[in-house]
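What follows is the residue order along each chain.
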Amino acid sequence: MCRYNLKLIKSTHFRVSSSTEIKKMEINHLLYLCFLLVLILTKTTPSDEDPSVIISRFQQYLQINTSQPTPDYHKAVEFLISQAKSISLDHQTIELVDNKPLLLLKWPGSDPKLPSILLYSHTDVVPSEQDKWTYHPFAAHLDSTGNIYARGSQDMKCVGMQYLEAIRKLKATGFQPLRSVYLSFAPDEEIGGHDGAEKFADSDVFKSLNVGIVLDEGLASPTENYRVFYAERCPWWLVIKAKGAPGHGAKLYDNSAMENLLKSIEIVRKFRASQFDMVKAGLKAEGEVISVNMAFLKAGTPSPTGFVMNLQPSEAEAGFDIRVPPTANAEALERRIAEEWAPASRNMTFELGQFKQKASIHDKFGRPVLTATDSSNPWWSLLEDAVKSANGKLGKPEIFPASTDSRYFRERGLPAIGFSPMANTPILLHDHNEFLNQAEYLKGIDMYESIIKAFASYAQHPKDEVARDEL
Ligand SMILES: CSCC[C@H](NC(C)=O)C(=O)O
Ligand SMILES: [Zn+2]
Ligand SMILES: [Zn+2]
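If you're wondering where the values come from, they're calculated on a predicted model, not measured in any experiment.

> Can you lay out the site of ligand 1 for me, pointing to particular residues and giving the numbers?
In the region of ligand 1, the neighbouring residues are Glu189, Glu190, Gly192, Glu217, Pro235, Trp237, Arg323, Phe400, Ala402, Ser403 and His430. Here an oxygen atom of ligand 1 sits 2.7 Å away from a polar atom, N or O, in the side chain of arginine 323. With respect to ligand 1, the side chain of histidine 430 contributes an N or O atom lying 3.1 Å from an oxygen atom. Across the complex, the protein chains shield 95% of the 350 Å² of accessible surface that ligand 1 would expose by itself. Residues belonging to the shell around ligand 1 are distributed by class as follows: four nonpolar, three polar and four charged. Looking at which domains feed residues into the shell around ligand 1, each of domain 2 (51-232 + 364-470) and domain 3 (235-324 + 327-358) gives three or more.

Below you can see the structure in the form of structure tokens.
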């Protein structure tokens, strides 16, 4: 019995001991496997802040077709909300016009009484002639040199994503903003911003944000210096129409519509050359002269094979894209159009599109709308220092030669700075094969990280800020 018991105990003991060891071995194996797995995963699964992951997020945004005139705004907003959620930003979608959503994100500051910072971007892009591109404009193809080809890569999906990536990095460092930081992703900039920024700037939502400074788009720079903009030219889209006597294509006579229109075109071209010469001579910068470019010519009597050739048409028209600097004499230009470019004496009429009336670039006191770029504007000084401390270089501040949504904020007396951090990059907005190099894109994120940190930490009370409070 005793032997048996002993045996039993022994054998039981043996069994117990053996199973514990097996368990121990199993646990050790498991731990080892877990360790290997973690090692493999950390080696093979890139983190959120890995450059390749950052670039792939940029590519995802670029791949959404938000091209005018049928932009997929909802898809863009859905993607941007997913990004906002991943970095715990509050989000709100505002439809000031049906099916034209504006996404507003918020990173709350610890002192909500201080005016906030608005990081502005538009979600739409201009159309592209797909067959003239080396890579599909919505493929966001990354070539072996690191260039990312896509419509919007410069104008301005880069900036919208760079804001988000900079905030992602700041959050990872534990930075807490003092001022609230808002990001707005607006529709329709490329068609004038009337259903986007203009309505937004007019809305109660915007007023409630208590914005103190707006950052918006700039331009790529082929040199190592970033371009930066404190004002912009105003778009005047002019159509001049000529009427004249119709007649046989073989007959020489005065006052045909074509002759009347061509005389005007010659006069416009002389004016264009006089403005361009000042730029060529280095007397004025691109944004400081009035530019005029012919956008279309419409004339002729259509036929099934093209146009009737032996008939002089009774009507002809031409369209011009004119850009007027804030410092130009707008009344004088309008007189010039009426008296020289489209005079009634030559049977001509003209129309200035919606922009001329709406896009005033003067405030209600008639002062040109310019954002100060000296020490009177603390935001300017902060931007200069922040770019410098991130190892970037700023060029001389300029007037933006085209137009941006900043005008809707500047008109309300707010300072707005145009800045798209793309150095060593050809200017390809609205062009074929628009691209941005991934290294420049990543450097741009560092610029915004530095700027947003500086802006969001700026503790001065509003009374000391640049805001033109008498407006
Ligand atoms: C007139 S509103 C259209 C705005 C557009 N902006 C840019 C930057 O290309 C432009 O200047 O044509
Ligand atoms: Zn743009
Ligand atoms: Zn554009």
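Still more ground to cover, so stick around.
> Requested: an account of the pairing of strand 15 (residues 315-324), with residues and values cited.
The buried count for strand 15 comes to eight of ten residues, which makes it a mostly enclosed element. One ladder, built from ten bridges, connects strand 9 (residues 234-243) with strand 15; its direction is antiparallel. By the bridge assignment for strand 15, alanine 242 is matched with alanine 316.

> An account of the coordination of the zinc ion (ligand 3) is requested, with residue identities and associated values reported.
Donor atoms from the polypeptide that coordinate the zinc ion (ligand 3) comprise Asp155 (OD), Glu190 (OE), Glu190 (OE) and His430 (NE2), at 2.0 to 2.5 Å from the metal. One can describe the site at the zinc ion (ligand 3) as irregular: its four donor atoms subtend angles covering 57 to 146° at the metal. Within one chain, the residues donating to the zinc ion (ligand 3) are spaced in sequence as D-x34-E-x239-H. Between the zinc ion (ligand 3) and the zinc ion (ligand 2), the interatomic distance is 3.4 Å, and aspartate 155 donates to each metal, bridging them. Here the residue aspartate 155 occupies a position in the loop between strand 5 (147-149) and helix 4 (157-172), and histidine 430 occupies one in the loop between strand 18 (416-418) and strand 19 (435-437), the gap between them amounting to 275 residues.

> Account for helix 3 (residues 73-86), naming residues and giving values.
Here helix 3 contains 14 residues, and its C-alpha end-to-end distance of 20 Å stays within 8% of the 20 Å for a straight helix at 1.5 Å per residue. Regarding helix 3, the residues found buried are Tyr73, Ala76, Val77, Phe79, Leu80, Ile81, Gln83 and Ala84. A positive phi of about 55° marks serine 88, the residue just after helix 3.

> Talk me through the sheet that holds strand 15; I want residue IDs and the actual numbers.
If you walk across this open sheet you meet the four strands as 11-15-9-16, and the pairing is antiparallel. What marks the edges here is a single partner per strand, and that holds for strand 11 (291-299) and strand 16 (348-352). Adjacent strand axes in the sheet meet at a mean angle of 20°, parallel and antiparallel pairs treated alike. By the bridge criterion, five bridges tie strand 9 to strand 16 in an arrangement that is antiparallel. Residue pairing in the sheet places valine 239 in a bridge with glutamate 351 of strand 16. Sitting on the sheet, helix 8 (residues 330-341) is in contact with strand 9, strand 11, strand 15 and strand 16, with an inclination near 15° to strand 9.

> An account of the coordination of the zinc ion (ligand 2) is requested, with residue identities and associated values reported.
As a benchmark, a tetrahedral metal site with four donors has ideal angles of 109.5 degrees, while an octahedral site with six donors has ideal angles of 90 or 180 degrees. Ligation of the zinc ion (ligand 2) by protein atoms is provided by His122 (NE2), Asp155 (OD), Glu217 (OE) and Glu217 (OE), these donors lying 1.9 to 2.6 Å from the ion. Metal-centred angles of 55 to 150° between the four donor atoms at the zinc ion (ligand 2) mark the site as irregular. Spacing between the donor residues of the zinc ion (ligand 2) along the chain follows H-x32-D-x61-E. A residue is classified by how much of its surface remains accessible, and histidine 122, at 0% relative accessible area, is buried. Assessed through its relative accessible area of 3%, glutamate 217 is described here as buried.

> Tell me about the confidence of the model for the protein chain, and please be specific about residues and values.
When pLDDT is averaged along the protein chain, the result is 90; 86% of the residues meet or exceed 70. Across residues 467-471, where pLDDT falls below 50, the model places 13 contacts with residues more than four positions away in sequence or in other chains. Confidence metrics for the complex model read pTM 0.84 and ipTM 0.97.

> Hey, could you go over the packing of helix 4 against helix 12 (residues 438-457) for me, with residue numbers and the actual values?
Direction vectors running N to C along helix 4 and helix 12 enclose 60°, while the axes themselves pass 8 Å from each other. Taken together, the axis directions place helix 4 and helix 12 in an arrangement best described as oblique. Our pair here, helix 4 against helix 12, has a crossing hand that is right-handed. On helix 12, the residues touching Cys158, Val159, Met161, Gln162, Tyr163, Glu165, Ala166, Ile167, Lys169 and Leu170 of helix 4 are Glu440, Tyr441, Gly444, Ile445, Asp446, Tyr448, Glu449, Ile452 and Lys453.

About the criteria used
Residues numbered from 1 in each chain as written. Chains lettered and ligands numbered in written order. Predicted model: local features only at pLDDT ≥ 70, side-chain atom pairs only at ≥ 80, totals over all residues. Heavy atoms only, no water. Near = heavy atom within 4 Å. Polar contact = N/O pair within 3.5 Å; in protein donor to acceptor, adjacent residues only side chain to side chain. Areas by Shrake-Rupley, 256 points an atom, 1.4 Å probe, with all protein chains shown as cover. Nonpolar A, V, L, I, M, F, W, Y, C, P; charged D, E, K, R; others polar. Domains from an automatic or database assignment. Buried < 20%, exposed > 50% of the residue type's maximum accessible area, 1.4 Å probe, protein only. Helix = DSSP H or I, 4+ residues; strand = E, 2+ residues; numbered from the N terminus. Pairing = 2+ DSSP bridges. Donors = N, O, S within 2.8 Å, 3.2 Å for Na, K, Ca; no water. Tetrahedral: all angles 85-135°; square planar, octahedral: opposite > 155°, others 65-115°. Expected span 1.5 Å × (residues − 1). Axes fitted to C-alpha atoms, helices over the stretch in contact; angles between N-to-C directions. Contact = heavy atoms within 4.5 Å. pLDDT = per-residue confidence, 0-100. Parallel < 35°, antiparallel > 145°, perpendicular 65-115°, else oblique. Left-handed = near helix turned anticlockwise from the far one by under 90°.

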